[in-house]
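# Overview (structure and organization)
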Amino acid sequence: MLIVLADTVFPDSAIERRVLAEAGHELLVAETPDRAVELLPEADGVLTAFLDLSAERIATMTRAKVIARYGIGVDNVDLEAAHRQGIVVTNVPDYCVEEVATHTVAMLLSLLRKLPRADRHVRAGGWGVAGVRPLRRVSEQTIGLIGFGRIGRLVAETLAPLGPTLLVSDPYAQSVPDRVRLVEQGELLAASDAVLLHAPLTPETAGLINAEALLTMKPGALLVNASRGGLVDLDAVTAALRDGRLGGAALDVFPTEPVDLASISYVPNLHVSPHIAYYSEEALRESQYKAATQIVRVLAGEAPDYPVVPPKESQ
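Presented here is an overview of the structure given in this document. (Residues numbered from 1 in each chain as written. Predicted model: local features only at pLDDT ≥ 70, side-chain atom pairs only at ≥ 80, totals over all residues. Heavy atoms only, no water.)

### Concerning the packing of aromatic side chains
Convention followed: Each aromatic pair joins two rings of Phe, Tyr and Trp (for Trp, the six-membered one) with centres within 6.5 Å, and gets the label stacked for planes under 30 degrees apart, edge-to-face for over 60, and tilted for any other angle.
According to the stated counting rule, one finds 2 aromatic pairs in the structure shown. Ring geometry for tyrosine 278 against tyrosine 279: centres 6.5 Å apart, planes inclined by 75 degrees, an arrangement best described as edge-to-face.

This is the structure we're talking about:
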């Protein structure tokens with residue numbers, strides 16, 4: 001069967017090619033997004049990272065049995081259209097849990113300890129604490145996590161030994177560890193010294209941190225987002241940083257990528273990274289292998305390890 005590799009962030013597709021060939025399938029790599037769209041009607045399965053698989057494009061996929069996304073989020077796939085057409089959608093929800101959790105904690109600690117400011121202070125000829133005051137003990141902070149899936153849980157587990165109060169808001173969380181308190185989102189925003197985002201991007205969560213939400217947060221609170229860029233209203237966040245309502249923000253993801261540099265220039269206490277939280281060499285290899293394996297399982301008539309269904313179907 002023909003498997004179309006619509007796009008990729010990987011150096012090569014050797015892993016996918018080997019996994020699919022062992023199952024008797026052919027892998028065809030689309031060189032451009034336009035070429036990928038042209039190939040959709042011929043594909044028995046599609047591997048993708050970022051290709052926009054809208055309802056209109058899915059309607060052309062008359063042969064396809066499976067769409068496998070390399071990453072965690074599936075907001076580039078119209079799940080309801082795929083479901084109506086009998087196409088199984090899969091993702092790889094566990095491939096970069098360690099990486100994103102580590103990146104989130106690193107960004108948070110960098111904000112709390114004001115490391116970039118300290119670096120600039122020394123390079124400008126300064127010394128001592130005057131250039132970074134005030135700093136607070138981590139154990140005296142209240143840290144709120146919006147979303148408590150695999151990554152959120154590992155972040156909480158990593159932070160717990162440092163002693164902060166940990167709050168979680170997640171409508172799907174059935175239970176939380178003893179060190180964590182489950183609260184409503186409004187209470188979390190009002191009580192937290194730092195808010196960490198670990199939610200999927202859905203119509204309900206788009207623009208979750210907007211001007212209204214920022215007004216309910218503690219003056220001087222911190223914000224970290226290594227989840228999905230669309231969770232944050234970037235203009236509202238940069239405005240809150242400029243006027244001092246937010247004490248700092250660390251963003252690895254943005255509503256539009258690459259980010260428009262003009263939108264983040266001359267914004268105080270904003271730390272950014274170029275959508276790399278997911279990345280390690282080990283994570284990439286795991287994603288490639290697991291995504292290709294989902295294709296093999298579905299085309300063999302087996303249940304995938306990581307099925308993704310429309311929200312209405314999952315209730």
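### Things to note about unusual backbone geometry
Convention followed: Secondary structure elements are taken from DSSP: a helix is a run of H or I of four residues or more, a strand is a run of E of two residues or more, and numbering for both begins at the N terminus.
In this structure, the amide linkage connecting arginine 133 to the following residue, proline 134, adopts the cis form with an omega of -5 degrees. With an omega of -5 degrees, the peptide bond between glutamate 257 and proline 258 qualifies as cis. Within the secondary structure, proline 258 sits in the loop between β11 (246-251) and α11 (261-264). A positive phi angle, close to 55 degrees, is found at lysine 114, a residue other than glycine. Tracing the chain through its elements places lysine 114 in the loop between α5 (97-113) and α6 (115-123). At asparagine 269, a position not held by glycine, the phi torsion is positive, near 60 degrees. Mapped onto the elements of the fold, asparagine 269 is located in the loop between α11 and β12 (270-272).

### So, the packing of helix α1 (residues 14-22) against helix α12 (residues 281-299)
What describes two packed helices is the angle between their axes and the distance between those same axes. Going by this rule: All axes are obtained by fitting lines to C-alpha atoms, using only the stretch in contact for helices, and the reported angles, taken between N-to-C directions, cover 0 to 180 degrees. Oblique is the label for any angle not covered by the other classes, which are roughly parallel (under 35 degrees), roughly antiparallel (over 145) and roughly perpendicular (65 to 115). Rotating anticlockwise by less than a right angle from the far helix to the near helix defines a left-handed crossing, while the corresponding clockwise rotation defines a right-handed one. Any two residues whose heavy atoms approach within 4.5 Å at even a single point are treated as in contact. Think of it as three bins: nonpolar holds Ala, Val, Leu, Ile, Met, Phe, Trp, Tyr, Cys and Pro, charged holds Asp, Glu, Lys and Arg, and polar takes everything else, Gly as well.
Here α1 crosses α12 at 25 degrees, and the two axes come no closer than 9 Å. With respect to α12, the element α1 is oriented roughly parallel. Where α1 crosses over α12, the two elements pack in a sense that is right-handed. Facing Ile15, Glu16, Arg18, Val19 and Leu20 of α1, the residues of α12 in contact are Arg285, Gln288, Tyr289, Ala292, Thr293, Ile295 and Val296. Among the residues making up the contact of α1 with α12, the classes are represented as 7 nonpolar, 2 polar and 3 charged.

### Section: the environment of alanine 221
Mapping alanine 221 onto the fold places it in strand β10 (residues 221-225). In sequence terms alanine 221 and aspartate 193 are 28 residues apart; their C-alpha atoms lie 4.7 Å from each other. Discounting residues that sit within four places of it in the chain, alanine 221 has contacts with Ser192, Asp193, Arg245, Leu246, Gly247 and Gly248.

In short, shape yes, function no, at least from these values alone.
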